[in-house]
Structure formats: C-alpha cells, structure tokens
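Residue-level structural notes
Chain by chain, the residues:
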Amino acid sequence: MDNKQALLALSALAQSTRLDTFRLLVRHEPRGLPAGEAALELGVPQNTLSTHLAILARAGLADSVRHGRSVVYRANLACLRTLTMFLLTDCCGANAQQCAPLLAGLDACSTESRDD
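What comes next is a walk through the structure. For every chain, the first residue of its written sequence is number 1, and the numbers climb from 1 along that sequence. In view of the model being predicted, local features appear only for residues whose pLDDT reaches at least 70, and side-chain atom pairs are presented and counted only at 80 or more, with totals across whole chains, interfaces and linings using the full set of residues. The basis for the side-chain values is all heavy atoms of the structure; hydrogens and waters are excluded.

Only buried residues count toward a nonpolar core. Its members are Ala, Val, Leu, Ile, Met, Phe, Trp, Tyr and Cys residues joined through side-chain atoms within 4.5 Å. Under the scheme applied here, a residue whose accessible area is under 20% of the maximum for its type counts as buried, over 50% as exposed, and between as partly exposed, the area being computed with a 1.4 Å probe on protein chains only. Phe-22, Leu-25, Leu-49, Leu-53, Leu-56, Leu-61 and Tyr-73 are the most contacted members of the largest nonpolar core, which totals 23 residues. The element that contributes the greatest number of residues to this core is helix H1 (residues 3-13), accounting for four residues. Discounting residues that sit within four places of it in the chain, Leu-49 has contacts with Thr-21, Ala-35, Ala-38, Ala-39, Leu-42 and Val-44. Starting at the N terminus, helices and strands are each numbered in turn, a helix being any DSSP run of H or I of at least four residues and a strand any DSSP run of E of at least two. A contact between two residues is defined here by any heavy atoms of the two lying within 4.5 Å.

Before going further, it helps to spend a moment on helix H5 (residues 77-88). With twelve residues, H5 should reach 16 Å at 1.5 Å per residue; the first-to-last C-alpha distance of 16 Å fits that figure. One or two steps after H5, the chain reaches Asp-90, where phi turns positive at roughly 65°. To estimate how far a helix should reach, multiply one less than its number of residues by 1.5 Å.

Strand direction decides the pairing type here: strand S2 (residues 62-67) and strand S3 (residues 70-75), joined by six bridges, are antiparallel. What sits directly across from Arg-66, in S3, is Val-71. Strand pairing is assigned whenever DSSP detects at least two bridges linking the two strands. Connecting S2 to the antiparallel partner S3 that follows it, the hairpin turn spans two residues, and Gly-68 within it adopts a positive phi of roughly 65°.

Locating His-28 in the fold gives a position in the loop between helix H2 (16-27) and strand S1 (33-34). Residue His-28 is classed as buried on the basis of its relative accessible area, which comes to 19%. At 3.0 Å, the side chain of His-28 forms a polar contact with the backbone oxygen of Leu-24. Once you skip the residues sitting within four places of it in the chain, His-28 turns out to touch Leu-33 and Glu-41. For the purposes of these results, a polar contact is taken to be a pair of N or O atoms within 3.5 Å, where, inside protein, one atom must be able to donate a hydrogen and its partner to accept one; residues adjacent in sequence count only when each atom of the pair is a side-chain atom.

As structure tokens, then:
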C-alpha cells in the first residue's frame, strides 16, 4: 500500500455513516449483508447508503456480489489488514516493548472472536 491508497481508504472512513457501515460489514463477516438490510440496521435511506457503499468499494474497503435483485456487501478484510500494517510499519521505532500493548490488544480481539 502506498500513501495514495492509504489516504483513499482513510478518507472513505472519515465520515460517520461510512465508518458505521464499514464496522457493520465487519461484524457480518464472512456472510456479508444485503444493502437493504444494512440501510435498515443503520437507519439510513437506501439511496444514501448506496452512495456510501460505493465510496467504500472504490477505496477497496468493501466488495459486492449481486444475488438476483439483491446486492450483498462484505468488508474487504485484506484491505483493512494492509491498511493497518501500513499504519504500523516502523511502529514505535522498532522498540518491541512500546508496541507490546498494541499487539496485545490485537491478540485480545482474535481471542474474543474465537470465543464466539
């Protein structure tokens, strides 16, 4: 990932509805969520949500698959992983002690998801 790609992804997430939408999609992994259901859950008009989903898709943060008349959206976790690693490159000046709390937080996340 380069600066331009990172800025595109970060700017897509720098809006409240899009951030909420992306977090909703992450919660519905790996099944994904039809756009209409996402709009209902977020309390956003479908045409407004479609615009936000298109912005997330252009930034590489969401993917869509058409199932008949429905479009199912999924969070692109590979893009999220790449963005996170881009942000953490050279974390804490390569001082492992300083990075330990951050890494422990990420490990706790994976432990919680295994407990579900």
